[in-house]
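In case you want the letters, here they are:
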Amino acid sequence: MAPHAEIANGDGPANNGVSSSTQKVAFKVNSPNVEYTDNQIRSKYTYYTTEVSKVNGQYVAVPKETKYDFSVDTKVPKMGMMLVGLGGNNGTTVTAGIIANRRGLSWQTRRGEQEANYYGSLIMGSTVKLGTDAKTHKDVNIPFHDLLPMVHPNDIVIGGWDISKLNLAEAMDRAQVLEPGLKQLVAKEMASMVPLPSIYYPDFIAANQEKRADNVIEGTKASMAHVEKIRQDIRDFKAANNLDRVIVQWTANTERFSALIDGVNDTADNLLKAIENGHEEVSPSTVFAVACILENTPFINGSPQNTFVPGAVELAERHKAFVGGDDFKSGQTKMKSALVDFLINAGIKLTSVASYNHLGNNDGKNLSEQRQFRSKEISKSNVIDDMVEANTVLYAPGEKPDHTVVIKYMPAVGDDKRALDEYYAEIFLGGHQTISLFNVCEDSLLASPLIIDLVLITELFTRIKWKAASTDGAATKDFEGFHSVLSVLSYMLKAPLTPPGTPVVNALAKQRSALINIMRGCLGLQPESDMTLEHKLF
Ligand SMILES: NC(=O)c1ccc[n+]([C@@H]2O[C@H](COP(=O)([O-])OP(=O)(O)OC[C@H]3O[C@@H](n4cnc5c(N)ncnc54)[C@H](O)[C@@H]3O)[C@@H](O)[C@H]2O)c1
Ligand SMILES: O=P([O-])([O-])O[C@@H]1[C@@H](O)[C@H](O)[C@@H](O)[C@H](O)[C@@H]1O
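So, here is what we can say about the structure in this document. On a predicted model such as this, the values are computed, not experimentally measured, just so you know.

Analysis parameters
Residues numbered from 1 in each chain as written. Chains lettered and ligands numbered in written order. Predicted model: local features only at pLDDT ≥ 70, side-chain atom pairs only at ≥ 80, totals over all residues. Heavy atoms only, no water. Near = heavy atom within 4 Å. Polar contact = N/O pair within 3.5 Å; in protein donor to acceptor, adjacent residues only side chain to side chain. Areas by Shrake-Rupley, 256 points an atom, 1.4 Å probe, with all protein chains shown as cover. 1 Å grid on protein atoms, 1.4 Å probe; cavity = no way out; pocket = protein on both sides within 12 Å on 5 of 7 lines; lining within 4 Å. Sits in = over half its atoms within 2 Å of the grid points. Nonpolar A, V, L, I, M, F, W, Y, C, P; charged D, E, K, R; others polar. Phe/Tyr/Trp six-rings, centres within 6.5 Å; stacked < 30°, edge-to-face > 60°. Helix = DSSP H or I, 4+ residues; strand = E, 2+ residues; numbered from the N terminus. Buried < 20%, exposed > 50% of the residue type's maximum accessible area, 1.4 Å probe, protein only. Lys NZ or Arg CZ within 6 Å of the ring centre and 35° of its normal. Pairing = 2+ DSSP bridges. Axes fitted to C-alpha atoms, helices over the stretch in contact; angles between N-to-C directions.

## Points about the site of ligand 1
Consideration 1: Surrounding ligand 1, one finds 30 residues, the nearest of these being Asp 162, Ser 198, Ile 199, Ser 303 and Lys 376.
Consideration 2: With respect to ligand 1, the side chain of Asp 162 contributes an N or O atom lying 2.7 Å from an oxygen atom.
Consideration 3: In this structure, an oxygen atom belonging to ligand 1 sits 2.7 Å away from a side-chain N or O atom of Lys 376.
Consideration 4: Protein burial of ligand 1: of its 840 Å² of free accessible surface, 99% is covered by the chains.
Consideration 5: For ligand 1, the cavity whose grid points lie within 2 Å of the majority of its atoms is the largest cavity.
Consideration 6: Among the residues making up the shell around ligand 1, the classes are represented as ten nonpolar, 13 polar and seven charged.

Encoded structure:
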């Protein structure tokens, strides 16, 4: 029987897990600037910034106000998530994790009973400050998931593609990530899920992946056939599961970079032509991205390759389709984007970062080939640039810390990556600080919650519209969506994709607060500044 997009639907076994009914508005904002209708939250928001210019060699700072109208559709859709690489370590782990949470499963481990949870998910595992208690003036913190109406991960319907034909129970065993106690509880449902055949262009991933490729879409690359096949797969999945929204995420192998060639992938039209002609520099991930853009289906790249060549970004902008990426920020780099922010913003001059890791999963095997490693080396290396450039006290223009990234494939350790880092810095009066880290990252258990966060946030932003508020009563433009390149996803990503010409922010704390404060803005609430003047001025 031809493989097809089997799914784990939201109507699986009795939902003994956390209630996953469509989320209602968890709290109300009482403000003349906020209006709640049956299916919308509408807010008037004043965005305060400081515009700086140089006058006669001196900076002049001018406070600026920009008024926006925001509208959030509060009807949470029935959503599907289609993973490219569904049969991989991440794909099987996130699928099993959602099934386990939906069914409220618990299982025996050598440390005793373990219950399903969403730890490691920004949205499902953390809280945000809403404000301060009117009487006690103490912080009132609420679950991040309650800030705005969002899909509950328990309700996500999962499908996707893989070049390996193993069903998800067999693939879960191959991944060697999950405890036997959990695997046996989800095996039946996982076995019913069979990845759809996928696009396979051998030159883009390591040759050592070839024997896995027994589930491949046939036909020549030189046509739009592969694009149209993926589009049809998405439509079929959506119809078969009666979905309102599908989001596609790449968690397949890391590809080599595509060469950027004028006339091939520099513009949308050239890229479409290059796909028609089967150009060798068009990767499977770019074909998936183009298919999703044309199908108005958000596409997120969880790997480091340059899927979003300029032509793909231009196509997304043309179709007002959402894209996001690159490369899940799950362990070693996540720690780096917090630690470097702390060191440099503490006035400590970081002069060297050595990041080594070894791992033994299939991802590591694929990365053992130089061209695939190079993609990962780039995404793991650029994460400190913005923080260094921002500190002109410590660093002269162009001055950077030494920074090296090493990845070795050591099968014995499997998915439990060992990350060893040394941070070396200059401190007061010629002193030095050396920070050595040994960080065991169970890679798929760290990445899977990010896969969930990426789709939850992306889906939310498909329901948020904005327009510049009229200041003189003149007619304003209609509401429109955020820019196609969803840079609000940066917290989950090593090499955040941003709208062309806009800066990249890698500092973890900044990324988190940007997302929270944008969501607060949609509620007519000002950013949480942590000034707590109420605790200082009395
Ligand atoms: N912590 C993490 O696990 C982490 C962090 C950052 C990035 N990533 C990236 O996520 C990706 C997946 O990681 P993983 O550990 O699950 O790897 P994996 O090798 O276990 O899974 C990748 C899956 O993709 C499949 N595949 C390869 N090419 C495909 C194609 N063209 N179409 C469909 N399927 C295809 C493979 O058969 C495999 O099942 C990798 O690119 C990795 O670099 C992982
Ligand atoms: O997210 P992170 O821990 O910095 O980076 C990880 C790398 O260290 C690892 O070698 C690779 O296999 C993972 O895909 C991930 O990219």
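## As for the packing of aromatic side chains
Consideration 1: Applying the stated criterion across every chain yields a total of eight aromatic pairs.
Consideration 2: Centroid distance Trp 250 to Phe 288: 5.9 Å. Interplanar angle 70°. Geometry classified as edge-to-face. With Trp 250 in strand β10 (residues 245–250) and Phe 288 in helix α7 (residues 284–294), this pair connects stretches of sequence that are 38 residues apart.
Consideration 3: We classify Trp 250 as buried; its relative accessible area is 4%.
Consideration 4: A ring pair is formed by Phe 299 and Phe 308, whose centres lie 6.0 Å apart and whose planes are at 75°; its orientation type is edge-to-face. For the pair Phe 299 and Phe 308, a shared accessibility class is recorded, and that class is buried.
Consideration 5: Aromatic rings pair up to connect Tyr 45, Tyr 47, Tyr 68, Phe 70 and Trp 466 into one cluster.
Consideration 6: The residue whose ring lies beneath Lys 54 is Tyr 59, and the NZ or CZ to ring-centre distance is 4.8 Å.
Consideration 7: Above the face of the Tyr 201 ring, Lys 221 is positioned so that its terminal group lies 4.1 Å from the ring centre.

## A few points about the sheet that holds strand β11 (residues 299–301)
Consideration 1: Spatially, the five strands line up as an open sheet ordered β9-β4-β10-β11-β12, and their pairing is parallel. At either end of the open sheet lies a strand with only one pairing partner, and these are β9 (157–161) and β12 (323–325). When the angles between neighbouring strand axes are averaged without regard to direction, this sheet yields 20°.
Consideration 2: As defined by bridge partners, β10 adjoins β11 across three bridges and the pair is classed as parallel. Bridge pairing in β11 places Trp 250 opposite Asn 301.

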